[in-house]
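# Residue-level structural notes
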Amino acid sequence: GFLEHARYDILLNSIFSTHQGQRYGKIDAQNNYLALSNYHSRTLSANLETSYQFKFKNKSSIRPNLGLTLAESKRNRYQERNAGLNNRIFAERKDSSQEIYGGLGYRKQWVKGNYEIKLTGVWEHGYEMAGNTTQETLYTVNGPKSGFAINQEGTGRHTTYLTAYGSVLNTKTNLKVLAGYSGSIQKHRTVHNFSLKLEVRF
């Protein structure tokens, strides 16, 4: 009975990507250059989440959740071309992150004739358990063999995630329209994503 509305999700994901890079540079007031590059990257991630749904009589529900995200990305060593002595050589780069998060979701549903309408909103807050500072070694064609380090520091370990989406399903034609928003908010960086989708159910 009580565990009927409990849920757990285990998501594993791997992405292999190829990239084509362009880096513009300026030598002096009259001379510019364009450095070109090709490289590969691989990302492995795992997401573990558990949640519980509390249903109400007015076709609405709330769902608290708790999760853990693990991710590792790797980019190969590569050298730029087309810029002569201004070409750079980038050493292999590895990044890893571990984030624990928790939040609360709310959903409301209506049925109007042949139409089923759902509105969902989710608020979550994540904490990255390890520092997100990245160090990368960079070489130039005429530079020292040991290269020099580039340090990149992130904007903080705390992130707020917001998700909102609505859907309208015509149960007679099996056509479904979905509109959604997702965003992540950090101290100095905010990302917004909007989506619109049409589904046909067979």
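Described below are features of the structure shown in this document. Treat the numbers as computed from the prediction; the structure is a model and nothing was measured.

### Quick look at the overall build of the protein
Secondary structure summary: the protein contains zero helices and 13 strands in total. The order of α-helices and β-strands along the protein, N terminus first, is β-β-β-β-β-β-β-β-β-β-β-β-β. Counting every position in the protein, which comprises 202 residues, the buried fraction comes to 25%. When contacts within the protein are restricted to residue pairs at least 6 apart in sequence, long-range pairs at least 24 apart make up 55% of them. For the protein, the accessible area works out to roughly 14,000 Å², and carbon and sulfur atoms hold 55% of it.

### Some remarks on the pairing of strand E8 (residues 115-128)
Bridge count for strand E7 (residues 93-112) against E8 is 14 bridges, and the pairing is antiparallel. Residue pairing for E8: Gly103 is matched across the bridge by Glu124. The turn linking E7 back onto E8 is made up of two residues, and Gly113 within it adopts a positive phi angle of 60°. Two strands pair when backbone bridges link them, and E8 and strand E11 (residues 158-170) are joined in this way by 13 bridges, in the antiparallel orientation. Note on E11: the bridge partner recorded for Ile117 is Val168.

### Here's the deal with unusual backbone geometry
Here the phi dihedral of Lys59 falls at roughly 60°; this positive angle occurs in a residue that is not glycine. Note on placement: Lys59 falls in the loop between strand E3 (54-55) and strand E4 (60-75). At Asn174, a residue that is not glycine, the phi angle is positive and equals roughly 60°. Of note, Asn174 is situated in the loop between E11 and strand E12 (175-185).

### A look at the packing of aromatic side chains
Using the criterion set out here, one finds four aromatic pairs in the structure. Relative to Phe194, the ring of Tyr181 has its centre 5.2 Å away and its plane inclined at 45°; by these criteria the two rings are tilted. Placement of the pair is Tyr181 in strand E12 and Phe194 in strand E13 (residues 190-200), with a sequence separation of 13 residues. The exposure class of Phe194 is exposed, given its relative accessible area of 68%. The structure contains a cluster of three or more aromatic residues connected by ring pairs, namely Tyr39, Tyr78 and Phe90. Geometry around Tyr39 places Arg75 over its ring, the cationic atom sitting 5.9 Å from the centre.

### Things to note about the environment of Glu124
Assignment of secondary structure puts Glu124 in strand E8. As for Glu124 and Gly103, which are separated by 21 residues in sequence, their C-alpha atoms are 3.9 Å apart. Contact partners of Glu124, with chain neighbours within four places excluded, come to Asn65, Tyr101, Gly102, Gly103, Thr159, Thr160 and Tyr161. A polar contact is formed between the side chain of Glu124 and the side chain of Asn65, at a distance of 2.8 Å.

### Remarks on the side chain of Arg23
Here Arg23 lies in strand E1 (residues 6-26). With a relative accessible area of 18%, Arg23 lands in the buried category. A distance of 3.0 Å separates the side chain of Arg23 from the side chain of Tyr33, its partner in a polar contact. Only 2.7 Å separates the side chain of Arg23 from the side chain of Glu80, close enough to count as a polar contact.

### Let's talk about the pattern of salt bridges
Per the stated rule, a full pass over the model turns up six salt bridges. The shortest N-O distance in the salt bridge between Arg93 and Asp95 comes to 2.9 Å. Looking at Asp95, the relative accessible area reads 23%, which means it is partly exposed. In this structure, Glu116 engages Lys118 in a salt bridge whose closest nitrogen and oxygen atoms are separated by 3.8 Å. Glu116 sits in the partly exposed class, given a relative accessible area of 23%.

About the cut-offs
Residues numbered from 1 in each chain as written. Predicted model: local features only at pLDDT ≥ 70, side-chain atom pairs only at ≥ 80, totals over all residues. Heavy atoms only, no water. Helix = DSSP H or I, 4+ residues; strand = E, 2+ residues; numbered from the N terminus. Buried < 20%, exposed > 50% of the residue type's maximum accessible area, 1.4 Å probe, protein only. Contact = heavy atoms within 4.5 Å. Areas by Shrake-Rupley, 256 points an atom, 1.4 Å probe, with all protein chains shown as cover. Pairing = 2+ DSSP bridges. Phe/Tyr/Trp six-rings, centres within 6.5 Å; stacked < 30°, edge-to-face > 60°. Lys NZ or Arg CZ within 6 Å of the ring centre and 35° of its normal. Polar contact = N/O pair within 3.5 Å; in protein donor to acceptor, adjacent residues only side chain to side chain. Salt bridge = Lys/Arg side-chain N within 4 Å of Asp/Glu carboxyl O.

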